[in-house]
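In case you want the letters, here they are:
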Amino acid sequence: MSHSPRLVLVVNSGSSSLKFTVLPAGGGAAILSGVAECLGLAEARLIVKENGVKTIVDLVRGDHAEALATLFAHLDEDALLDRVAVIGHRVVHGGERFTESVLVTPRVIADIEAVSALAPLHNPAALIGLCACLEALPGVPQVAVFDTAFHQTMPRAAWTYALPQALYRDHGIRRYGFHGTSHRCVSARAVDLLGLDPDDHGIVVAHLGNGASATAVLDGRSVDTTMGLTPLEGLVMGTRSGDLDVGVVAHLARVGGRSLAEIETLLNKESGLLGLSGLSSDCRTLEAAADEGHPGAILALEVFVHRLARHIGGLATSLPRLDAVVFTGGIGENSSRIRAMTLARLAAFGFDLDETSNVTCVGGREGRISRGGPPVAVVVPTDEEGLIAADAARLAGIGGAEGMVVEEIADVPVRLAV
């Protein structure tokens, strides 16, 4: 391998897309990024963004293996491929088996498969990308970083559903939480930014985007969160309903004649901001429409904020005190309107919005958006790729541990029933 500065490839594999970023192993700005989209379809293509230039390559087979092979060929042409020292993979669900990021071994792959029933839309896709990387670059160590791992510190009372406990013992039905990578990196940055004691603080992080969740973080540990067994529970999202009386499901099946699959599609893809507004799942579109008096857009924003403020207030009860509320994610980082509406609903906590700072903290700019306190409100951009890269570099022992890792992963099976 080259003695040039080492690189980390971060891969986020979905069923029909594969996002990627190449970053320096020691930290810093991305060297390139992009996505393979429409995988499995005739219009499948790879898009690479590098130095302000976008390169688009049509894919013939249109599968994950071809997308990665095309990416690796591009990296090779740029003399970057032999500098990739480790590949970090985002894996949505680790169940109870994974409480932290891990080097990929045959046992790890088997364990990811074992919990895939808990995330049938996400984990199989992650395994496809992971195994394609193993097949294409068998000598490069791989690291799995789990969305659920950060939340494994929640107390039993926070993760237990009020169901017969045989369902937990036999089927693993409990609350797991998601967006853990974002909540972990954002909460740590907020502690630094606000000068809080790393061993004595209580904050609520609101990760707001097309997927949205909020987490109570006590002394750096997740103690409660809004998502549950799946990423459907909790806040209103772009197309997901969030919290719902489960009686609605039975009612739709009984009276509406809908199948379970149809109801799952309704709740995951046709609800949330899209369903409320009848217009769009994009908060920017809804804000513009609300300004024009669109009743559906106005309702969608009001319900989104009501649910968010209610959950922030509830999460605060899992903390001995509330030092800060942190906004992150596409909406949290860029919608000064949503932040202002939310803090207004949290008046009981004594937030004093700084309107100038609130308007200024957009487009990747961090900072406080409230006066006085505690508690205070702050905006912190998330950097999930950076955290995955840091975990991958640390676990791969960049600088000398590659031989041991290669020996461990050399016999990983790459043809899995996914």
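1. Section: the sheet that holds strand β11 (residues 221–225)
The sheet built from 6 strands is open, its strands ordered β11-β10-β9-β12-β16-β14 with mixed pairing. A single partner strand is all that each edge strand has here, and the edge strands are β11 and β14 (367–368). In the sheet, β14 pairs with strand β16 (residues 376–379) via 2 bridges, with the strands oriented antiparallel. Paired with G367 across the strands is V379, a residue of β16. Across the sheet, helix α6 (residues 180–194) touches β9 (202–208), β10 (212–218), β12 (324–328), β14 and β16, and the angle it forms with β9 is around 130 degrees. Relative to the sheet, helix α11 (residues 295–316) contacts β9, β10, β11 and β12, its axis offset from that of β9 by approximately 155 degrees.

2. Concerning the packing of aromatic side chains
For the structure shown, the criterion picks out 3 aromatic pairs. Relative to F351, the ring of F349 has its centre 6.5 Å away and its plane inclined at 45 degrees; by these criteria the two rings are tilted. Judged by relative accessible area, which is 31%, F349 ranks as partly exposed. In this structure, R174 is placed above the aromatic ring of W159, and the distance from its NZ or CZ to the ring centre is 4.1 Å. Cation over ring: R174 sits above Y176, and NZ or CZ is 4.7 Å from the ring centre.

3. Details of the nonpolar core
Across soluble globular proteins, you tend to see nonpolar side chains buried next to one another. One finds L208, F304, F327 and I338 to be the most contacted residues of the largest nonpolar core, which totals 42 residues. Per element, the largest residue contribution to this core is 10 residues, and it comes from α11. The residues contacting F304, other than those within four sequence positions of it, are L208, V236, L273, I331 and I338. Core analysis: the next-biggest nonpolar cluster, separate from the first, contains 26 residues, V11, L71, L75 and C133 among them.

Conventions adopted
- Residues numbered from 1 in each chain as written.
- Predicted model: local features only at pLDDT ≥ 70, side-chain atom pairs only at ≥ 80, totals over all residues.
- Heavy atoms only, no water.
- Pairing = 2+ DSSP bridges.
- Helix = DSSP H or I, 4+ residues; strand = E, 2+ residues; numbered from the N terminus.
- Contact = heavy atoms within 4.5 Å.
- Axes fitted to C-alpha atoms, helices over the stretch in contact; angles between N-to-C directions.
- Phe/Tyr/Trp six-rings, centres within 6.5 Å; stacked < 30°, edge-to-face > 60°.
- Buried < 20%, exposed > 50% of the residue type's maximum accessible area, 1.4 Å probe, protein only.
- Lys NZ or Arg CZ within 6 Å of the ring centre and 35° of its normal.
- Core = buried A, V, L, I, M, F, W, Y, C linked by side-chain atoms within 4.5 Å.

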